[in-house]
Amino acid sequence: RCDNAVFDMLETRMKIAAQIGKVKKENNVSVLQASRWKNIMTDALRKGNEAGLSDKFVKTFYKAVHQESINIQSEILSKKTE
């Protein structure tokens, strides 16, 4: 059950990433926003520490989720407008 919830949340996260990709395409914004990513990681590490998770785990997890979001958004940005 708990594992299913994790996948449900990741599915929701990637749907949001796709929506963000569409907005970025419409507004000619690059996929990677370095300052935003830095803020996300800082917040994630703080929350991870509060939850008793190691920095290594939090960084690995967030980098994987972020990379998948980048992949989804990059695919959207590379598609020709119909």
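Please read all numbers here as calculations on a predicted model, not as lab measurements.

### Considering the pattern of salt bridges
The tally for this structure, following the rule as stated, stands at 4 salt bridges. Here lysine 47 and aspartate 43 are joined by a salt bridge, their closest N and O atoms 3.1 Å apart. Taken together, the positions of lysine 47 and aspartate 43, both in helix α2 (residues 34–50) and 4 residues apart, correspond to about one turn of that helix. With relative accessibility at 47%, the residue lysine 47 sits in the partly exposed group. Among the salt bridges present, the one from arginine 46 reaches glutamate 50, with a minimum N-O distance of 3.0 Å. Highlighted residues: arginine 46 and glutamate 50, both in helix α2, separated by 4 residues, approximately one helical turn. The class of glutamate 50 is exposed, set by a relative accessible area of 59%. Overlapping salt bridges bring together Asp43, Arg46, Lys47 and Glu50 as one network.

### Things to note about the side chain of lysine 24
Structurally, lysine 24 is set in helix α1 (residues 2–26). One buried charge, lysine 24, has no salt-bridge partner; the nearest side chain with opposite charge is glutamate 26, at 13 Å. A polar contact is formed between the side chain of lysine 24 and the side chain of glutamine 73, at a distance of 2.9 Å. Those residues in contact with lysine 24 that lie beyond four places of it in its chain are Val29, Ser30, Val31, Gln33, Gln73 and Leu77.

### Some details on the packing of aromatic side chains
For the structure shown, the criterion picks out 2 aromatic pairs. A ring pair is formed by phenylalanine 57 and phenylalanine 61, whose centres lie 6.0 Å apart and whose planes are at 20°; its orientation type is stacked. Here the residue phenylalanine 57 and the residue phenylalanine 61 both occupy positions in helix α3 (residues 55–78), the gap between them amounting to 4 residues, near one helical turn. For phenylalanine 57, a relative accessible area of 45% gives the class partly exposed.

About the criteria used
Residues numbered from 1 in each chain as written. Predicted model: local features only at pLDDT ≥ 70, side-chain atom pairs only at ≥ 80, totals over all residues. Heavy atoms only, no water. Salt bridge = Lys/Arg side-chain N within 4 Å of Asp/Glu carboxyl O. Helix = DSSP H or I, 4+ residues; strand = E, 2+ residues; numbered from the N terminus. Buried < 20%, exposed > 50% of the residue type's maximum accessible area, 1.4 Å probe, protein only. Lys, Arg positive; Asp, Glu negative; His and termini not counted. Polar contact = N/O pair within 3.5 Å; in protein donor to acceptor, adjacent residues only side chain to side chain. Contact = heavy atoms within 4.5 Å. Phe/Tyr/Trp six-rings, centres within 6.5 Å; stacked < 30°, edge-to-face > 60°.

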